[in-house]
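What follows is each chain in one-letter form.
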Amino acid sequence: MSTRHFGTRVLRNEDDRLIRGKGRYVDDIPLEGALHGAFVRSTVAHARITGLDVSRARALPGVVKVYTHEDLGALDVAMPLLIPHPCITHGRTQYPLARDEVFYVGQAIAFIVAVDRYVAEDAAMLVDVTYDVLPVEVDFERAVQPGAPLVHQDVPNNIAAHLVQESGDVAAAFERADHVTSIKVRVDRSTAAPMECLATAAQWDEVSGELTVWDGTQAPIGLRGALASLFELDEHKVRVIAPDVGGGFGPKVHFPYANEILVPLAARELRRPVKWIEDRAENFVHMTHERGQIHELELAATKNGVVLGLRDRFLHDTGAFIPYGIAVAQVAACQIAGPYRIPNIMVEFSCVYTPTVPVTPYRGCGRPQANFAIERAMDQLADELGLDRFEVRRRNFIQPEEFPYTRPDLIFADGLAVTYDSGQYEQALVALMDALDVEAFEKEQQAAREEGRYLGLGLSFYVEGTGLGPYEGGHIRIHPITGKIFVNTGLTTQGQGHETVFAQIVADQLGARVEDVIVVEGDTGVYDWGVATFASRAAVVSGSAVHKTAVLVRNQVINAAANMLEANPDDIELADGRAFVKGSPSSGATLAEIATASNPLRYAFNKAAESATQFAPAARSDGPSLGEGAHPGIEATDYYAPPHATWAYGVHGAIIEVDPTTYGIKVHRYVCVHDCGNMINPMIVEGQIAGGVAQGMGGAFFEKLDYDEDGALRNASFMDFLIPYATEIPHIEMIHQETPSPLNPLGIKGVGEAGTIPVAQVIVSAIENALQPLGVAPFRSAPLSPSLIHAHIAETGDHR
C-alpha cells in the first residue's frame, strides 16, 4: 500500500526552486524590446485639477507616449464596483487616470511610457500639475459629522453605505439584563506591505489579436474578465498569467488597478511589450489599505456573566472610494459575537469616505477589528462583574452539541446566514490554560511585581469564516509519456503551498509520489474556471474540487487497469505509481502505461506507445476505438461549491513583560491553540499561522499608517512605517486540534488568516494586565507603541 500523504509533514514541492533563486516574478519575465512605465501621482489629498501640462514630458528623448485621461477614449470610465450590495447608497469608484479632480495623495494622473524606467521617471517629474486645493477631514469619525468637508460633493456626510442587521430580540435582551457593559475601541489603518509590490507586464500579438498580461494578482480569472470587457475583446483573446507572486495578503485580489489597464493599453497601442513595476514609495500610497474601524459595543449580561445580547455600532473607513463594496465591514459585523452563544445581536455600520488611499481586504478582512472589539468587551465584562476572564468566556461558549449553530438574519459575505459548522471551544481554552499554567503564572507575576517588574498575560479567542464560495474547479490529467500527474486550478499562490497540498490530495487517490504531481495554476490560458485566492478558501474549496476530480481519475485508472490486466476492478490497487492486482504488487502497469493505453494511437513514438496502436493485441476491438461518450487518456474535471462557509477557530495567549523605562515589550511566551479541521500538511499549517502571527504582531505594536491633517501620509517608507524584525516575532508554541468540518469531503477548514486575527487583543490585554499596579485605564486602541503606552500612563495612571 502507498504511504498516506494527507495529514503528513511533506516537504514543499515549490521550495527547491524558490530557495535557489529560480522563482519567476513579473519583473523576471523576458520581454524583448519592452518599454517601461511610470505614473504621475497626486501630491495633494483633495483638489480640482486646474492645469495639466505634459508637453515637457512628451518632448524628453526616449519618451514614447504620455497618457492622460483624455487619451484613454472608451477606457475613460469609472472602474467596476466589484461586490455590489443594496446598502451601498453612494458607491463611488475611481477612473484609471484622474479627470478633473483628485481624491487622495497617490491617485494616478498620468502614465508615461519610455524606453526605460529611468527616462519614464524623469519624464514624470516634468509633468506640471496645478491644483485648487480643497479642505479635507482624514479622521473618519469626524468625517461623518455635519459640516465636515465632503470627499464627493454628492455624498451626504461622506457615508457610502449603511447597514443594520438584527438576529433575535435585542431590545428584550437588554431589558432583562442585570448588567450592561459599554466599550468603545479603535483599530487604526495599516498596509499589507508585501515583499513584491504590484507589477504588470503586457504584450499584444498583432497577428492573433491576443493580449497577454503578466500580473502579480490573486485573481487572474477576474482580471481577465475585466480586461476583456474594458477592451471589448473575446475572453479567449485575453490571457492573464500570475507567475510567482511575492506575497498577496488581500490587496492583490482587488482589480483592476490603474496599472492593470494602462499597461495593456500601451502594449496594444504601441505594439511593443510594456512593463510597470511598483516601487515601495508608490506602494504605500497606491496599493489599497485596510483596518480602520471604530466600534461602540454593548453587552447585556446576567450577574453571572452570561451574555444575553449584543449591540455594536461601528464606522468603517473605506478611503476615497469603495471598489470592493462592504466586504471588510460585513465580515466584521458577522464575526462580532466570536465563539459565544449570544442569541440576540444587532450590528449597525456605516462605510465612510475619507480623502485617503481606498480600502479593500487585508489579511483578516474585518476579523481582527471585530475580535479586538468583542474580546476587549469580554475582558471588561469580567472586570466589572468581578469574574475571571477565562471563566466568563467559558460560560458563553457555543457547545459541541449545539452545532450547526446559526445566527438568523446575520448575513455573511457569501450571502447566507452565519452558520458555524463544528467546534470544541472549551477544549481549546483548557488547552491554552494548561499550556500557560495560569496558576503558576499568577504567582510569578506577583513575585515580579515585588521586584518592580511588570509581567502580563493576555488572551483572545477568535473564529474565522473560511472557504467561501461560489465554487472552484480542478482538472487532472496523467501524462501518457512520463506518468506525471498534472493538476490545474483557477487559483493563484502567493506562498501558501498549493503545489504541495493539492499534490498530497491527488497522490493519495492515485497511489503516486507527491513529487510526481505537478500543480499548475494562475494562468487563464491553462484553466479558466474559478474565482480567486482570498478569504482562507483555497484548501477548502479548490482542495475539495481537486479531491473530487482525483476520485474520478482514480476510477478511470482502476477501470483501465482492470481491462489491461484482465481483472475485476474491485481487485485493483494503486501504489507507487502503479496499478496491480491485489497480492501481486510486482506485476501490473505503471500510470504512464495506463494513460498511454487509454489513448488509441496510430503512431508508436516510444515503446509504451506500441501497446496503444491499432495492431497491438491489447488494442484490438471489433468496434470503435473509443466507446460512445468516452474520451482518450486519463483525464477529468470536477467542481466543488460549498453549502456555506466553514468556521475555523482558536485561542491565543501570551506572557509579556513591559519595560518600565522604555515601555517596550518582550514576549516571553506565545501559545496558539487552533482548529482548522483536518490538516492536509501540519508543517504548512504551522507556517501559515506563524506568518499570520507575525503580521498580527505588526498590527498590535508596530504598524500604523499616520496621515497628517492635510491628508499626506507621514510614514510612507520603511524608515518610518515600523514592520517588526524577525527578532521581534516571538517563538510560537502551537497546539493542534482537529474538529472535522461536515461541509466538505476532506473535513477541512481554512487557516490562512487565523494567525493574524487575535494578536492585537492578545498583546494589548497582556500589556494592560502587566500595568495594573500603575492603575492605568484600560487600553482601547491598536496598535500600541512605547510612546502611546507612556502617554497613556501619564494621562490615566496613578503613578504608584
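Here the structure is shown first, and the text comes after it.
These figures come from a predicted structure and were not determined experimentally.

What counts, and at which threshold
- Residues numbered from 1 in each chain as written.
- Predicted model: local features only at pLDDT ≥ 70, side-chain atom pairs only at ≥ 80, totals over all residues.
- Heavy atoms only, no water.
- Helix = DSSP H or I, 4+ residues; strand = E, 2+ residues; numbered from the N terminus.
- Buried < 20%, exposed > 50% of the residue type's maximum accessible area, 1.4 Å probe, protein only.
- Contact = heavy atoms within 4.5 Å.
- Areas by Shrake-Rupley, 256 points an atom, 1.4 Å probe, with all protein chains shown as cover.
- Axes fitted to C-alpha atoms, helices over the stretch in contact; angles between N-to-C directions.
- Parallel < 35°, antiparallel > 145°, perpendicular 65-115°, else oblique.
- Left-handed = near helix turned anticlockwise from the far one by under 90°.
- Nonpolar A, V, L, I, M, F, W, Y, C, P; charged D, E, K, R; others polar.
- Phe/Tyr/Trp six-rings, centres within 6.5 Å; stacked < 30°, edge-to-face > 60°.
- Lys NZ or Arg CZ within 6 Å of the ring centre and 35° of its normal.
- Pairing = 2+ DSSP bridges.
- Salt bridge = Lys/Arg side-chain N within 4 Å of Asp/Glu carboxyl O.
- Patch = residues over 30% accessible without salt bridge, like charges linked within 9 Å, V, L, I, M, F, W, Y side chains within 5 Å.
- Lys, Arg positive; Asp, Glu negative; His and termini not counted.
- Charge placed at Lys NZ, Arg CZ, Asp CG, Glu CD.
- Polar contact = N/O pair within 3.5 Å; in protein donor to acceptor, adjacent residues only side chain to side chain.
- Expected span 1.5 Å × (residues − 1).

S.K.: Whenever I open this one, the overall build of the protein chain confuses me. Can you help?
M.R.: On a plain count of helices and strands, the protein chain comes out with 19 helices and 29 strands. If you line up the protein chain on its principal axes, its C-alpha atoms span 95 × 70 × 50 Å. Counting across all 800 residues of the protein chain, residues that qualify as buried make up 59%. Within the protein chain, residue pairs in contact and separated by at least 24 positions form 79% of the contacts whose partners lie at least 6 positions apart. Surface exposure of the protein chain reaches about 30500 Å², of which carbon and sulfur atoms provide 51%.

S.K.: Honestly, the packing of helix α10 (residues 367–385) against helix α18 (residues 759–770) in this entry has me stumped. Any pointers?
M.R.: Helix packing for two helices is described by the angle between their axes and how far apart those axes are. Interaxial distance between α10 and α18 falls to 9 Å at its minimum, and their mutual angle equals 30°. Comparing their axes, α18 and α10 come out roughly parallel. Viewed along their axes, α10 and α18 form a crossing whose handedness is right-handed. Facing α10, whose interface residues are Asn371, Phe372, Glu375, Arg376 and Asp379, α18 presents Ala760, Gln761, Val764, Ser765 and Glu768. Residues of the contact of α10 with α18, tallied by class, amount to three nonpolar, three polar and four charged.

S.K.: Looking at this model, I keep getting lost on the packing of aromatic side chains. Mind explaining?
M.R.: Between two aromatic rings, the relevant description is the distance of the centres plus the angle of the planes. This structure, assessed with the given rule, holds 19 aromatic pairs. Feature note: the residues Tyr340, Phe397, Phe403, Tyr425, Phe461 and Tyr649 constitute an aromatic cluster, connected by ring pairs. Lying across the ring of Trp204, Arg268 places its NZ or CZ 5.0 Å from the centre. The ring centre of Phe174 lies 3.7 Å from the NZ or CZ of Arg311, which sits over that ring.

S.K.: Can you help me understand the environment of Thr406 in this one?
M.R.: For Thr406, the position within the fold is in strand β16 (residues 405–411). Taking the C-alpha atoms as reference points, Thr406 and Val418, 12 residues apart in sequence, are found 5.7 Å from one another. Not counting chain neighbours up to four residues away, the residues in contact with Thr406 comprise Ala417, Val418 and Thr419.

S.K.: Mind showing me how you'd approach the sheet that holds strand β24 (residues 589–590) here?
M.R.: Strands belonging to one sheet form pairs held by backbone hydrogen bonds; the direction of such a pair is parallel or antiparallel. Ordered in space as β22-β23-β24, the three strands form an open sheet in which the pairing is antiparallel. Here the strands that pair on one side only, and so sit at the sheet edges, are β22 (572–575) and β24. As paired strands, β22 and strand β23 (residues 578–581) are joined by four bridges and run antiparallel to one another. For Leu574, the partnering residue across the bridge sits in β23 and is Ala579. Here helix α15 (residues 538–565) sits on the sheet and contacts β22, β23 and β24; the angle it forms with β22, its principal contact strand, is near 120°.

S.K.: Looking at this structure, how should I read the sheet that holds strand β27 (residues 665–675)?
M.R.: Overall, mixed pairing links the four strands, which are arranged β18-β26-β27-β28 in an open sheet. Lying at the two open borders of the sheet, with one neighbouring strand each, are β18 (454–466) and β28 (732–737). Here the strands of the sheet are splayed against their neighbours by 15° on average, with no regard to which way each runs. Here six bridges tie β27 to β28, and the two strands are oriented parallel to one another. Across the sheet, residue Val671 finds its bridge partner in β28, namely Glu733. This element, helix α17 (residues 682–701), spans β26 (646–658), β27 and β28 of the sheet and lies at about 130° to β28.

S.K.: What is the right way to read the pattern of salt bridges from this model?
M.R.: Two side chains with opposite charge may pair up if their charged atoms get near one another. Under the definition given, this model contains 46 salt bridges. Close ionic contact of Asp132 with Arg48 constitutes a salt bridge, the shortest N to O distance being 3.3 Å. Taken together, the residues span a long stretch of sequence, with Asp132 in strand β6 (residues 128–133) and Arg48 in strand β2 (residues 47–53) at a distance of 84 residues. Here Glu282 ties to Arg117 by a salt bridge, and the two come within 3.4 Å at their closest N and O atoms. With Glu282 in helix α8 (residues 280–286) and Arg117 in helix α3 (residues 117–124), the pair connects residues that are 165 residues apart, well separated along the chain.

S.K.: Is there a simple way to think about a negative patch on the surface in this case?
M.R.: A contiguous patch of negative charge on the surface is contributed by Asp388, Asp434, Asp437, Glu439 and Glu442. Relative accessible area serves as the criterion here: at 43%, Glu442 is assigned to the partly exposed category.

S.K.: What am I meant to see in unusual backbone geometry here?
M.R.: As a rule of thumb, non-glycine residues mostly have phi less than zero, and peptide bonds are mostly trans rather than cis. Cis geometry marks the peptide bond from Gly469 to Pro470; its omega dihedral reads 10°. The topology assignment puts Pro470 in the loop between β18 and β19 (472–478). Cis rather than trans, the peptide bond between Ala782 and Pro783 has omega equal to 0°. Tracing the sequence through the fold places Pro783 in the loop between β29 (781–782) and α19 (786–796). The backbone phi angle of Arg271 is positive, close to 60°, even though this residue is not glycine. By secondary structure assignment, the location of Arg271 is in the loop between α7 (259–270) and β12 (274–277). Positive phi, close to 50°, is recorded for Ser536, a residue that is not glycine. Within the secondary structure layout, Ser536 lies in the loop between β21 (517–520) and α15.

S.K.: Could you clarify how one ought to interpret the side chain of Glu260 in this entry?
M.R.: In this structure, Glu260 sits in helix α7. For the buried Glu260, no salt bridge exists, and the shortest N-O distance to an oppositely charged side chain is 9.5 Å, to Lys252. Of note is the side chain of Glu260, whose polar atom sits 2.7 Å from the backbone nitrogen of Tyr257. With near-sequence residues (within four places) excluded, Glu260 lies in contact with Thr200, Asp215, Thr217, Leu223, Leu227, His254 and Phe255.

S.K.: Just checking my understanding: could you explain the side chain of Thr200 for this structure?
M.R.: One can find Thr200 in strand β9 (residues 199–205). For Thr200, a relative accessible area of 0% translates into the label buried. A distance of 2.5 Å separates a polar atom in the side chain of Thr200 from a polar atom in the side chain of Asp215.

S.K.: Would you explain α18 in this entry?
M.R.: Residues three or four positions apart in an α-helix share a direction because the helix packs 3.6 residues into each turn. Compared with the 16 Å implied by 1.5 Å per residue over 12 residues, the 16 Å span of α18 between its first and last C-alpha is a close match. By the criterion of burial, α18 is predominantly enclosed, with 12 of the 12 residues buried. Val759, Ala760, Gln761, Val762, Ile763, Val764, Ser765, Ala766, Ile767, Glu768, Asn769 and Ala770 are the residues of α18 that are buried.

S.K.: Just checking my understanding: could you explain the pairing of β16 for this structure?
M.R.: Strand residues, when the strand is regular, have side chains that alternate between the two faces of the sheet. Where β16 meets strand β17 (residues 417–420), four bridges bridge the pair, whose relative direction is antiparallel. Following the sheet pairing, Arg407 is matched in β17 by Val418.

Everything listed is a geometric property; what it means functionally is a separate question.
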